[in-house]
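Letter by letter, the chains look like this.
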Amino acid sequence: MSKAYVFTRHGGPETQALIDLDRPAPGPGELLIAVRAAGVNPVDWKLRTGLRRPGDTGERVFPAVLGSEAAGVVTALGAGVTGFAVGDEVFGSTLAGGYAEETVLPVTLAAHKPAALSFADAATLPVAAATAYDGVHQLALPAGATLLITGAGGGVGVAAVQIARALGLKVVGVASTAKKEFLESLGALHVPSGPDWASRVPGTVDAVYDLVGGEVLEQAAGLVSGPGRLITAGAPEETVAALGGARVTRARSTAVLEAVAQLVVRGDLDPYVTARFSLDDAGEALRSVEEGHARGKVVIEIGGAA
């Protein structure tokens with residue numbers, strides 16, 4: 001048996017519980033890992049409430065393990081797996097949740113963890129950092145260009161600011177006044193969010209990476225023109241297409257995971273892990289994210305993670 005933090009039906013925090021489950025088994029092209037750390041993200045509680053990701057088919061099977069990303073040590077290989085071995089330290093996107101003592105990673109969404117990268121930092125990369133990386137590279141701006149990022153103080157936004165700066169871009173970050181000092185420390189020009197925020201943007205911008213959606217996206221669209229200048233991870237495809245933009249195209253690949261890991265190793269990207277919880281306290285970890293109290297990344301550490 002393996003301990004896991006699950007939700008037993010769609011709904012609120014009352015559906016969550018720490019239970020014993022049968023050990024997962026890796027299928028073809030999959031890795032079974034002993035989890036050392038799991039990242040906590042807003043998408044975790046949104047899935048609990050019934051959100052469906054693009055491409056999701058069929059009914060969810062309960063109990064469902066919470067979490068979308070994990071780092072750990074390979075304990076078994078599925079059929080046909082090459083390039084990985086039992087004992088390897090890895091990280092990636094999970095097939096069946098990350099808040100657990102054991103979970104399964106598809107090899108196409110997993111990468112070897114560099115020795116210089118902690119399990120906790122590695123566990124934060126597959127969702128927020130990889131989304132940030134995909135979006136910034138999708139825009140393909142030349143060094144010296146100006147990128148405006150809405151929601152720049154959130155998990156994806158903080159990573160996007162750092163990745164853009166590492167590529168030599170100028171960054172304008174839209175976020176609450178409380179995050180002004182933090183964003184400026186990352187090298188971004190801060191613009192306070194709130195009504196008519198777009199009127200406070202100095203000068204012109206070459207592209208917009210939206211992480212908020214709604215009215216914020218609508219205002220952001222008015223700052224740029226031309227194809228490929230507006231992307232979003234905060235609104236549906238049809239919404240942004242009507243504004244002349246597009247959704248972020250997620251690569252979801254080992255190559256992207258390796259790239260963001262190297263950014264951390266080189267010091268160009270700090271995951272900003274600011275809160276760590278045990279698996280027994282997974283509910284508190286998720287609550288801190290769901291209620292918006294967390295600043296930086298939250299991780300659940302399991303089995304003496306380092």
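So, here's what we can say about the structure. Computed from a predicted model, the values in this text were never measured in an experiment. (Residues numbered from 1 in each chain as written. Predicted model: local features only at pLDDT ≥ 70, side-chain atom pairs only at ≥ 80, totals over all residues. Heavy atoms only, no water.)

Looking at the overall build of the protein
Summing up its helical and strand segments, the protein has nine helices and 16 strands in all. Scaling as 2.2 N^0.38, a compact globule of 306 residues should have a C-alpha radius of gyration of about 19 Å, and the protein matches this with 19 Å. Residue burial in the protein is summarised as follows: out of 306 residues, 48% are buried. Working note: accessible area of the protein is about 13200 Å², and carbon and sulfur atoms make up 52% of it. Of the charged side chains in the protein, 24 are positive and 32 negative; the average position of the first set lies 3 Å away from that of the second. (Helix = DSSP H or I, 4+ residues; strand = E, 2+ residues; numbered from the N terminus. Rg over C-alpha atoms; globule rule 2.2 N^0.38 Å. Buried < 20%, exposed > 50% of the residue type's maximum accessible area, 1.4 Å probe, protein only. Areas by Shrake-Rupley, 256 points an atom, 1.4 Å probe, with all protein chains shown as cover. Lys, Arg positive; Asp, Glu negative; His and termini not counted. Charge placed at Lys NZ, Arg CZ, Asp CG, Glu CD.)

Points about the sheet that holds strand 11 (residues 189–192)
Taken in spatial order, the six strands make up an open sheet running 11-10-9-12-13-14, and their pairing is parallel. If you trace the sheet from one side to the other, it starts and ends with strand 11 and strand 14 (246–247), each paired once. (Pairing = 2+ DSSP bridges.)

Examining the pairing of strand 7 (residues 102–106)
On any regular strand, side chains alternate: one points to one face of the sheet, the next to the other face. For strand 7, the buried fraction is high: five of the five residues fall into the buried class. Residues of strand 7 alternate between two faces, with E102, V104 and P106 on one and T103 and L105 on the opposite face, all of them buried. Across five bridges, strand 3 (residues 30–40) lies against strand 7 in antiparallel orientation. Across the sheet, the residue bridging to A34 is E102, located in strand 7.

Observations regarding the environment of D268
Inspection of the secondary structure assignment puts D268 in the loop between helix 8 (254–266) and strand 15 (273–278). Spatially, the C-alpha atoms of D268 and P114 are 15 Å apart, while their sequence positions differ by 154 residues. Ignoring anything within four residues of it in the chain, the contact list for D268 reads Q162, A166 and L263. At 3.4 Å, the side chain of D268 and the side chain of R266 are in polar contact. (Contact = heavy atoms within 4.5 Å. Polar contact = N/O pair within 3.5 Å; in protein donor to acceptor, adjacent residues only side chain to side chain.)

As for the nonpolar core
Ranked by internal contacts, the top residues of the largest apolar core, which has 45 residues, are F91, L125, V136, L147, I149, V161 and Y209. Broken down by element, the residue count for this core peaks at seven residues, all from helix 3 (residues 125–139). With 26 residues, the next largest nonpolar core counts A64, A282, A285 and I300 among its residues. (Core = buried A, V, L, I, M, F, W, Y, C linked by side-chain atoms within 4.5 Å.)

Remarks on the packing of aromatic side chains
What the rule picks out here adds up to two aromatic pairs. Both rings, one in F7 and one in F62, keep their centres 5.7 Å apart while their planes meet at 70°; by these two values the pair is edge-to-face. One end of the pair, F7, is in strand 1 (residues 2–7); the other, F62, is in the loop between helix 1 (42–49) and strand 4 (64–65), and 55 residues separate them in sequence. Judged by its relative accessible area of 2%, F7 is buried. Relative to Y272, the ring of F182 lies with its centre 5.0 Å away and its plane at 90°, an arrangement referred to as edge-to-face. Of this pair, F182 sits in helix 5 (residues 180–185) while Y272 is found in the loop between helix 8 and strand 15, placing the two residues 90 residues apart along the sequence. Overall, F182 belongs to the buried group, its relative accessible area being 15%. (Phe/Tyr/Trp six-rings, centres within 6.5 Å; stacked < 30°, edge-to-face > 60°.)

Geometry only, nothing functional implied.
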